[in-house]
Amino acid sequence: MTSFRTQAIHAGYEPNDEHDHAAVPPIYASAAFNLGDALRGDALAAGELDGFEYSRVANPTVDALERRIAALEGGIGAVAVGSGMAAVTYALMCAGEGGGRIIAPTDLYGASVDALGDFLPQFGIHADFVKEINDLDEVASKIGPDTRAIFAETVANPSTEVLDVEPLAALAHRHGIAVIVDNTVPTPYLLRPIEFGADIVVHSTTKGITGHGNAIGGIIVDGGHFDWANGRFPQFTMRQQVISDDRAGEWHSFAEKYGSAAFIKRIRIKYLRTFGAVQSPFNAYLSLVGLETLPQRVSQQVATAMRIAEHLTHNPHVTKVNYSGLGTTPQYELVRKYFPNGVGQIMSFIVDGSPDNVRRIIDGTRLFSYVPNIGDARSLIVDPAHITHREVPAEARRAAGVTDNMIRLSIGLEDVDDLIADLDQAIAGAY
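Bear in mind that the values here come from a model prediction, so they are computed numbers and not experimental data. (Residues numbered from 1 in each chain as written. Predicted model: local features only at pLDDT ≥ 70, side-chain atom pairs only at ≥ 80, totals over all residues. Heavy atoms only, no water.)

Chemist: Just to check I follow, could you spell out the packing of helix α12 (residues 294-312) against helix α16 (residues 416-430) for this structure?
Modeler: Between two packed helices, the angle of one axis relative to the other and the distance separating the axes together describe the packing. Running from N to C, α12 and α16 point in directions that differ by 30°, and their axes come no closer than 10 Å. In terms of orientation, α12 lies roughly parallel with respect to α16. Between α12 and α16 lies a crossing of right-handed hand. Of α16, the residues touching α12 (which contributes Thr 304, Arg 307, Ile 308, His 311 and Leu 312) are Val 416, Asp 417, Leu 419, Ile 420, Leu 423, Asp 424 and Ile 427. Looking at the contact of α12 with α16 residue by residue, the classes come out as 7 nonpolar, 2 polar and 3 charged. (Axes fitted to C-alpha atoms, helices over the stretch in contact; angles between N-to-C directions. Helix = DSSP H or I, 4+ residues; strand = E, 2+ residues; numbered from the N terminus. Parallel < 35°, antiparallel > 145°, perpendicular 65-115°, else oblique. Left-handed = near helix turned anticlockwise from the far one by under 90°. Contact = heavy atoms within 4.5 Å. Nonpolar A, V, L, I, M, F, W, Y, C, P; charged D, E, K, R; others polar.)

Written out as structure tokens, the structure is:
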């Protein structure tokens, strides 16, 4: 098998006649594509021929990104969308359509908690929250006849708690339930969840995949192993006009027509085509460029994050450091199993004093940018309770450990000693 580093540069694109031998995937800034002739147009519209018609459904630049990330994650296919939250909501809605329930922990990214707890219920999709997603007994107690999926982050933001994917997937599959994971924090370079039983992987490509804070995007990857016709998902077995040919009297369901690819095909044909959260070809191009250096960037960021986390444990004003990569955490064995190359570039820590001290630390930094993003080449700092988790109810914030005295860091590519010195002076100045 070709190595990850090689696939990050070459997978999903061939510089051939089709692309005029362009060495780098071109930006296809075209809303639509010539169908050629009537017979070819009919075949394209019917899905009998691979090709491009309209960029709301598929675009050659975006297609290269989809193929590359599917290869890096070990999936059978992917659909790129306009943002990470589009990827999360499309995946959850596609699984939960028509009244399904989703089991999830409370220590998720704030917008994901809001979607599950407040917004998706307006569409008939409800969440059953658990306090500890790695507690299989608690998860099992929430499984009912309407449960469709379990959703969690492989590395939680901002606690960096690690998901024990393998036993969770085994439990879910015994009940015919899908496992959907957000793998944004580690990226596929640090973890390929499909190899441990996850069925669907989502990313905010805005973060580590693109890596330079210059392009919003998201992606959904299908592992291709789950049976969507097992009886829990009627949306996959009902026959649908959009993939059928009523003139010929041929009617199909997504499960019948696409088999193991039913989920990702439904995402493209129903969700992307209908709801239209389209990935820009220009943003896809920036993500492709970012992917080429993903292993090198993440390797350095992990090494720097480990040094900073260790340093912060000795600061007298820091009462707790949340970084599962530290060998002193209760999740040490899980980290060894799933993350031999590190858990990622984000961490959080809690300081003593009051929220005023937090504000003074943030305002006192010189190298850290006060930006609500992660995975950037620049190091970033934010106060989650007031920014990224503002929409999360207070009880859920407390359960996730997000207090007013928490600070989250996303470690970039600057010199580690410069970053440590910046944090030291900012913390000292705040007191």
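Chemist: Where do I start with the packing of aromatic side chains in this structure?
Modeler: What characterises a pair of aromatic rings is the spacing of the ring centres plus the angle enclosed by the ring planes. Within the structure shown, the criterion is met by 15 aromatic pairs. Between the aromatic rings of Tyr 90 and Phe 275, the centroid separation amounts to 6.1 Å while the plane-to-plane angle is 50°, which identifies the pairing as tilted. Here Tyr 90, found in helix α4 (residues 84-96), pairs with Phe 275, found in helix α10 (residues 262-275); they are 185 residues apart in sequence, far enough to count as distant. Overall, Tyr 90 belongs to the buried group, its relative accessible area being 5%. Ring geometry for Trp 228 versus Phe 233: centroids 4.9 Å apart, planes at 75°, classification edge-to-face. The pair formed by Trp 228 and Phe 233 is uniform in burial state, with each residue classed as buried. A cation sits over an aromatic face here: Arg 266 above Phe 236, 5.7 Å from the ring centre. (Phe/Tyr/Trp six-rings, centres within 6.5 Å; stacked < 30°, edge-to-face > 60°. Buried < 20%, exposed > 50% of the residue type's maximum accessible area, 1.4 Å probe, protein only. Lys NZ or Arg CZ within 6 Å of the ring centre and 35° of its normal.)

Chemist: How should unusual backbone geometry be read in this particular structure?
Modeler: In most cases, non-glycine residues show a negative phi, while peptide bonds are predominantly trans. Between Asn 157 and Pro 158 the backbone carries a cis peptide bond, its omega angle lying at 15°. Looking at where Pro 158 falls in the secondary structure, it is placed in the loop between β4 (147-153) and α7 (165-174). Look at Asp 20: it is not a glycine, yet its phi comes out positive at around 55°. Within the secondary structure, Asp 20 sits in the loop between α1 (4-10) and α2 (38-45). Unusually for a residue other than glycine, Thr 160 sits at a positive phi of about 65°. When you line up the elements, Thr 160 lands in the loop between β4 and α7. Under the relative-accessibility criterion, Thr 160 is labelled buried at 1%.

Chemist: Help me out: how do you make sense of the nonpolar core in this one?
Modeler: Across soluble globular proteins, you tend to see nonpolar side chains buried next to one another. The biggest cluster of nonpolar side chains holds 79 residues, and the ones touching the most others in it are Ile 308, Leu 312, Tyr 323, Phe 339, Met 347, Phe 349 and Leu 409. Leave out the neighbours within four places in its chain, and Tyr 323 touches Thr 160, Val 302, Ala 305, Met 306, Ala 309, Thr 329, Val 343, Gly 344, Ile 346 and Met 347. One finds Met 93, Ala 95, Ile 200 and Ile 243 within the second-largest nonpolar core, a separate group that totals 44 residues. (Core = buried A, V, L, I, M, F, W, Y, C linked by side-chain atoms within 4.5 Å.)

Fair warning: the whole summary comes from geometry, so function is off the table for now.
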